[in-house]
Amino acid sequence: MKIKSFHGGVHPFEGKEFTEKKKIEILPLPGTVSIPLAQHIGAPTNPIVEKGQEVKAGEKLAEANGYISVPVHASISGKVKGIEDIDHPVAGRGKAVTIVAGESEEWIDTIREDKNYFDLSVDEMRNRIREAGLAGMGGATFPTHVKLSPPPDKKIDTAILNGVECEPYLTADHRLMLEYPEDILNGFRLIMKILGVQRGIIGIENNKRDAVEVMRQYINNSNNIKIAVFPVKYPQGAEKQLIKATLNREVPSGGLPMDIGVVVQNVGTAKAVYDAVAHRRPLTHRVLTVTGSGIREPKNVLAPIGTPFQDIVDFCGGLTEKASKIIMGGPMMGISQPHLKVPVVKGTSGILILEEKESHLRPEEPCINCGRCVLVCPSHLLPTTLQMLVYNERIEEAEDLHIMDCIECGSCSYICPANRYLVQTIRHGKRQVIQARKKAS
Ligand code: SF4
Ligand code: SF4
């Protein structure tokens with residue numbers, strides 16, 4: 001395929017060598033998990049279990065609350081200790097169902113292979129995806145059944161499978177492609193069938209040549225699925241940038257990929273789609289990368305959702321003496337964490353531990369008007385102007401300058417020689433715009 005590129009972008013330290021050759025290891029069963037009721041974009045779930053109740057792994061703990069919502073399930077079997085407020089890795093605080101593990105692991109008995117899964121109706125496929133609690137596993141956590149239900153007036157012609165994993169340090173998607181290529185491709189074929197598209201494109205960066213080769217073998221000369229290999233540039237894996245580089249189409253300001261006939265799904269989500277439709281397997285576990293100079297034995301780990309970060313870090317040999325900063329995700333788009341008691345959620349792509357010298361947030365200095373932030377912004381924004389408008393509470397003007405098109409990639413902050421807190425301020429400004437819109441409606 002002829003590959004184009006996208007505007008802007010940066011080349012941060014990749015850091016993938018810590019874990020890219022490490023096979024996915026299964027975490028030993030944790031003693032306790034705390035499974036948050038809100039793990040997706042949309043309405044939080046309603047719990048349907050009580051304190052003291054025995055639950056099996058895979059059992060539904062909470063029902064979806066509306067269309068843009070998905071249920072959550074037990075990731076281990078045991079007794080419900082309570083439904084209480086905990087520190088949440090994305091929301092700060094939130095309610096979670098805490099389960100103390102029983103003596104033996106017991107699973108629900110409805111997980112079984114359905115050999116004719118590809119012949120199911122599209123509605124039944126979507127229903128299984130929703131019932132399994134799927135939300136985008138690349139980190140966006142948008143309910144998958146909603147993304148696979150575009151309105152009739154949005155004609156989708158292309159599905160893109162996102163195996164780019166451009167975020168530095170993270171290798172979970174890379175390992176998934178090497179170790180589960182068949183499941184991922186089966187999931188992608190289901191996604192294409194649900195959307196009714198004839199064209200599927202798998203996007204992978206060329207720092208994962210082994211994954212390209214494996215996926216190519218499994219595609220096996222399929223006419224309607226092709227692989228697009230991209231040069232390494234951050235944020236190549238962001239939806240809009242991936243679409244631009246693959247199809248040379250631009251998502252309009254304020255619009256969605258479906259507005260230009262495209263749906264993008266992450267490789268981890270595709271595997272979960274296959275598990276949900278072909279096996280009725282709920283989303284109870286995920287693969288994450290545990291890495292950084294602050295971790296003694298960096299690994300890729302399959303862990304139950306709800307596992308405290310501490311258990312996973314212990315499984316990876318613990319922290320080094322110089323470990324300082326905890327991030328959920330990668331260094332560019334990850335979220336800082338106050339401690340290791342927070343649980344793994346559906347969107348946890350990694351746990352990154354950095355040393356003090358790598359993580360020190362330096363004080364802001366005056367902008368020197370070098371223009372670098374403008375040059376690298378993949379969304380064609382003026383980061384320095386937006387920051388000034390947010391600082392001065394001129395939110396309407398920031399909205400006029402398309403602040404909501406910021407994808408929070410952090411490229412502007414990364415490149416800024418004056419350490420301006422650009423992405424942080426713009427993120428704050430976006431929240432203010434959302435609040436103002438809510439008030440006005
Ligand atoms: S303004 Fe937003 S989209 Fe542009 S570089 Fe900064 S974080 Fe990325
Ligand atoms: S990169 Fe930093 S110093 Fe340069 S124009 Fe942008 S905000 Fe100012």
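Residues numbered from 1 in each chain as written. Chains lettered and ligands numbered in written order. Predicted model: local features only at pLDDT ≥ 70, side-chain atom pairs only at ≥ 80, totals over all residues. Heavy atoms only, no water.

## Brief notes about the pairing of strand S8 (residues 92-101)
Line of reasoning, step 1. The pairing of strand S2 (residues 32-36) with S8 spans five bridges and is antiparallel. For isoleucine 35, the partnering residue across the bridge sits in S8 and is valine 97.
Line of reasoning, step 2. Alignment of strand S7 (residues 78-88) against S8, held across 10 bridges, turns out to be antiparallel. Across the sheet, isoleucine 86 pairs through a bridge with glycine 94, a residue of S8.
Line of reasoning, step 3. The turn linking S7 back onto S8 is made up of three residues. (Pairing = 2+ DSSP bridges. Helix = DSSP H or I, 4+ residues; strand = E, 2+ residues; numbered from the N terminus.)

## Remarks on the pattern of salt bridges
Line of reasoning, step 1. Under the defined criterion, the tally for this structure stands at 25 salt bridges.
Line of reasoning, step 2. Glutamate 355 is the salt-bridge partner of lysine 357, the closest N and O atoms lying 3.0 Å from each other.
Line of reasoning, step 3. Connected through salt bridges with shared partners, the residues Asp114, Glu124, Arg128 and Arg280 form a single ionic network. (Salt bridge = Lys/Arg side-chain N within 4 Å of Asp/Glu carboxyl O.)

## Considering the packing of aromatic side chains
Line of reasoning, step 1. According to the stated counting rule, one finds four aromatic pairs in the structure shown.
Line of reasoning, step 2. For the pair phenylalanine 18 and tyrosine 169, a centre-to-centre distance of 5.9 Å together with 10° between the ring planes defines the contact as stacked. Note that phenylalanine 18 is positioned in the segment before strand S1 (24-26) and tyrosine 169 in the loop between strand S9 (158-162) and helix H3 (172-179), a separation of 151 residues in sequence.
Line of reasoning, step 3. The partly exposed category is assigned to phenylalanine 18, whose relative accessible area is 27%.
Line of reasoning, step 4. Here the aromatic rings of tyrosine 117 and tyrosine 274 are separated by 5.6 Å at their centres, their planes lie at 75°, and the arrangement is edge-to-face. (Phe/Tyr/Trp six-rings, centres within 6.5 Å; stacked < 30°, edge-to-face > 60°. Buried < 20%, exposed > 50% of the residue type's maximum accessible area, 1.4 Å probe, protein only.)

Note that all results are geometric; they support no functional claim without further evidence.
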